[in-house]
Amino acid sequence: MADINMEACNAHLNQELERQIALIQGALEAVQEGELKKAKLFLGSASWGCEKNAEFIKSMIEARAA
């Protein structure tokens with residue numbers, strides 16, 4: 001089993017989740033203001049972050065299983 005610094009991983013993921021929340025809030029605000037291109041950019045960034053966070057967690061699972 002690989003040694004994983006869970007505290008550091010959790011801190012990293014918490015920062016990333018806060019960033020995603022801010023991006024989603026930005027997208028919602030942009031929609032309310034009628035700035036649809038801006039909303040799509042925020043949403044695209046949030047989606048990309050979600051994918052990367054999932055990849056990060058998957059790598060943690062694989063390392064833990066090793």
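What you are looking at is a predicted structure, and each value in this text was computed from that prediction instead of being measured.

Another point: helix α2 (residues 36–65). Under the 1.5 Å per step criterion, the end-to-end length of α2 is 43 Å for 30 residues, consistent within 8% with the ideal 44 Å. Of the surrounding secondary structure, the elements contacted by the buried residues of α2 are α1 (6–32).

The subject of this paragraph is the pattern of salt bridges. If you walk through the whole model with that rule in mind, you get 3 salt bridges. In this structure, K38 and E35 form a salt bridge, with 3.9 Å as the shortest nitrogen-oxygen distance. Judged by relative accessible area, K38 falls into the partly exposed class, the value being 37%. One salt bridge connects K52 with E55, and the closest N-O pair in it is separated by 3.5 Å. Placement of both K52 and E55 in helix α2 is noted, with a separation of 3 residues, approximately one turn of the helix. Take K52: its relative accessible area is 35%, and that puts it in the partly exposed class. With relative accessibility at 44%, the residue E55 sits in the partly exposed group.

The rules we used
Residues numbered from 1 in each chain as written. Predicted model: local features only at pLDDT ≥ 70, side-chain atom pairs only at ≥ 80, totals over all residues. Heavy atoms only, no water. Helix = DSSP H or I, 4+ residues; strand = E, 2+ residues; numbered from the N terminus. Expected span 1.5 Å × (residues − 1). Contact = heavy atoms within 4.5 Å. Salt bridge = Lys/Arg side-chain N within 4 Å of Asp/Glu carboxyl O. Buried < 20%, exposed > 50% of the residue type's maximum accessible area, 1.4 Å probe, protein only.

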